[in-house]
Amino acid sequence: MFPRMSRVFSNARVLSANGECCQADGPSGLSGTLSEQHSAVRCKPSLLSVFPRGLLPAALCAVLTACGGGGSSSSDSGGGDVRPGWIEGSAVKGVVFDGRVQLYQASGNQGNSWVAVGQPVRTGADGRFRVRLPDEVDAETLKVVLTSDSVTQMKCDVRPACHTPGGGQVAFGQWFWPGNDLRLTSVLGTASASEVSVILSPLGSLAYDLSLRQSGAVSESSYSQALRLLENEFGLESGVLSQPQVDLSVDTAATASEPLLESALLNVAFLALVGDERWNTMGQVFDAFRRELVVSGELPFLTDYSFGVSAELLLLAANVQAEDQVSSLAADGRNGAGFEVAGGEIVDTLFAGGYAGNFEPQPIPNPYPGLPPVPDPQPEPDPQPEPDPQPEPDPQPEPDPQPEPDPQPEPDPDPQPEPRPDPEPQPEPDQDVRLSWTAPGTRTDGDSIAMGEIAGYEVRYGQVPFLEDMLHSERVADGQAMSVTLDGLDGGTWYFSIRTLDTQGQYGPWSELVSTELL
């Protein structure tokens, strides 16, 4: 739930509707106890001012909280050690933050009809999630589905930059909105649900569709078999798709094992293909591969000159990413040998599958070997006699000149309409808004938080008073900043909310909404 909107008084000052903030949930982790995680901070009121340029400033008060555990990503997480009845996992492609994770059970143990069970949770800033296994679950097979919405963020792990749904680009390692069409799926057995880590990735999601296409139903064993088939097609080490995937945007990625790097490069290839004229989001790329798999029952290995959907297309994109990783690490004076080996394995898989290594069009062979024979010369025809000259005709007499017509009077000019008055000047279509705030001083557990522990802030804004429907966001990378200017805003009412990011990568909950009116 979101905090209540502040009350606006006649003197343009907005005060908090309540004196206290809600307690933020603790973070969810893939391993370890909750006591080992970075604690949340208790909400503390601070000033958030909105100053549209060219308008009188209005003072607005909101609630700003420092970093907790990724908001609702740890709903029902409780505390203490992991125990039976909990399911944990991660979505790293790059890291998916604030992705909505829902648990489903097979209806009637058929594996092709699913019913949602329990409450959805959100992934944390590290892509991890933890969801309680409901008591009402009685099926042998469970499905875990992550979907994106307006608040979901993804970290760019494509070098040198990622294409965004709006046609822009963000640099490697930066957060961006992936669109509303991202969907990742994994399957596990109920009996082993608390003993395994759920891996949500593009290749793992393709395994779900492959299992459903081949068997007509999905079970833990058929899903595992589909994973092995995809590993074999892409030349991956057996079992690597069932392991936690590597976040390629972190500095330690280069030290991972070559099989894990190879798997990560193939998963990032889906995002690397965004920006092609066919696809604007990673969800669209994945749907194209999914449709090919569902229709034909397999993913073709080779492509053609149009670079159609195929294993070869993913392998080529993954190899480009491996080369870019090696080049970027070398420019920083770091060792990229792991990526070099992984890229070599990808190239070996390409050639083993029949890749020709050359997409240049081949010249059409000459059907005539050698020069054609020169034809014999033809004899010239005999000259024809010239005809006799004809006499010139007698000249014709010139006609008599015609008299010129009398001049016609010029018509009276049409009356001109009176000039219209100039239209009244219209307001500028784009305006700026300046937000300012004070940093939080305490965490949700009452401990103090220093300015040096704050890494930055995230502002979300839009023209609807619902956080999940706001289409705009701005990240402030400076933890010492106390304001940000948002430009290019149209007239009307705008709503704003802000949250804090600490140096451990944990976000606090969103502040109360504040608003301002632009002419």
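Predicted model, so just to flag it, every value in this text is computed and none were measured. (Residues numbered from 1 in each chain as written. Predicted model: local features only at pLDDT ≥ 70, side-chain atom pairs only at ≥ 80, totals over all residues. Heavy atoms only, no water.)

A. Representation of the sheet that holds strand β17 (residues 197–200). Read from one edge to the other, the open sheet built from three strands follows the order β10-β6-β17, with strand pairing classed as mixed. This sheet does not close on itself; its edge strands, each paired only once, are β10 (128–132) and β17. On average, adjacent strands in this sheet sit at an angle of 25° to one another, irrespective of strand direction. Where strand β6 (residues 86–91) meets β10, five bridges bridge the pair, whose relative direction is antiparallel. Of the residues in β10, the one forming a bridge with Glu 88 is Arg 130. (Pairing = 2+ DSSP bridges. Helix = DSSP H or I, 4+ residues; strand = E, 2+ residues; numbered from the N terminus. Axes fitted to C-alpha atoms, helices over the stretch in contact; angles between N-to-C directions.)

B. Structural detail: helix α2 (residues 220–233). Helix length check: α2, at 14 residues, gives a terminal C-alpha distance of 20 Å against a target of 20 Å (1.5 Å per residue), a fit within 8%. Of the positions making up α2, those classed as buried are Ser 222, Tyr 223, Ala 226, Leu 227, Leu 230 and Glu 231. Tucked into the core, α2 has its buried residues touching β16 (183–189) and α1 (202–215). Of the residues flanking the end of α2, it is Gly 235, one or two places downstream, whose phi is positive at about 70°. (Expected span 1.5 Å × (residues − 1). Buried < 20%, exposed > 50% of the residue type's maximum accessible area, 1.4 Å probe, protein only. Contact = heavy atoms within 4.5 Å.)

C. Expanded view of unusual backbone geometry. At the junction of Arg 159 and Pro 160, the peptide bond is cis and its omega measures out at 0° in the coordinates. Its location among the elements puts Pro 160 in the loop between β12 (153–155) and β13 (161–163).

D. Local environment of the packing of helix α5 (residues 311–331) against helix α6 (residues 337–352). Direction vectors running N to C along α5 and α6 enclose 160°, while the axes themselves pass 9 Å from each other. One finds that α5 runs roughly antiparallel with respect to α6. As α5 runs across α6, the sense of the crossing is left-handed. Only Phe 339, Glu 340, Gly 343, Ile 346, Val 347, Thr 349 and Leu 350 of α6 make contact with α5, whose side of the interface consists of Glu 312, Leu 315, Leu 316, Ala 318, Asn 319, Ala 322, Gln 325, Val 326 and Leu 329. Of the residues that constitute the contact of α5 with α6, the class distribution is 10 nonpolar, four polar and two charged. (Parallel < 35°, antiparallel > 145°, perpendicular 65-115°, else oblique. Left-handed = near helix turned anticlockwise from the far one by under 90°. Nonpolar A, V, L, I, M, F, W, Y, C, P; charged D, E, K, R; others polar.)

E. Layout of the packing of aromatic side chains. On inspection of all chains with the given rule, the structure shows seven aromatic pairs. Relative to Tyr 507, the ring of Phe 97 has its centre 4.7 Å away and its plane inclined at 20°; by these criteria the two rings are stacked. Taken together, the residues span a long stretch of sequence, with Phe 97 in strand β7 (residues 96–97) and Tyr 507 in the loop between β22 (492–502) and β23 (514–518) at a distance of 410 residues. Of note, Arg 130 hangs over the ring of Trp 86, and the distance from its end group to the ring centre comes to 4.1 Å. (Phe/Tyr/Trp six-rings, centres within 6.5 Å; stacked < 30°, edge-to-face > 60°. Lys NZ or Arg CZ within 6 Å of the ring centre and 35° of its normal.)

F. Structural view of the state of the cysteines. In this structure the tally under the stated criterion is one disulfide. Two residues, Cys 156 and Cys 162, share a disulfide whose sulfurs are 2.1 Å apart. When the S-S torsion is 90°, as for the bridge of Cys 156 with Cys 162, the disulfide is right-handed. When its relative accessible area of 0% is taken as the criterion, Cys 156 is described as buried. (Disulfide = S-S within 2.5 Å.)

G. Representation of empty space enclosed by the protein. In total, this model carries four cavities of 30 Å³ or more according to the counting rule given. Computed from the structure, the largest cavity encloses a volume of approximately 50 Å³. Residue lining of the largest cavity: Val 92, Lys 93, Asp 157, Gln 245, Val 246, Leu 248, Ala 264, Asn 267 and Val 268, and that is the complete set. Of the residues belonging to the lining of the largest cavity, the class tally is five nonpolar, two polar and two charged. (1 Å grid on protein atoms, 1.4 Å probe; cavity = no way out; pocket = protein on both sides within 12 Å on 5 of 7 lines; lining within 4 Å. Points joined across faces, edges and corners; volume = space filled by probe spheres on them.)

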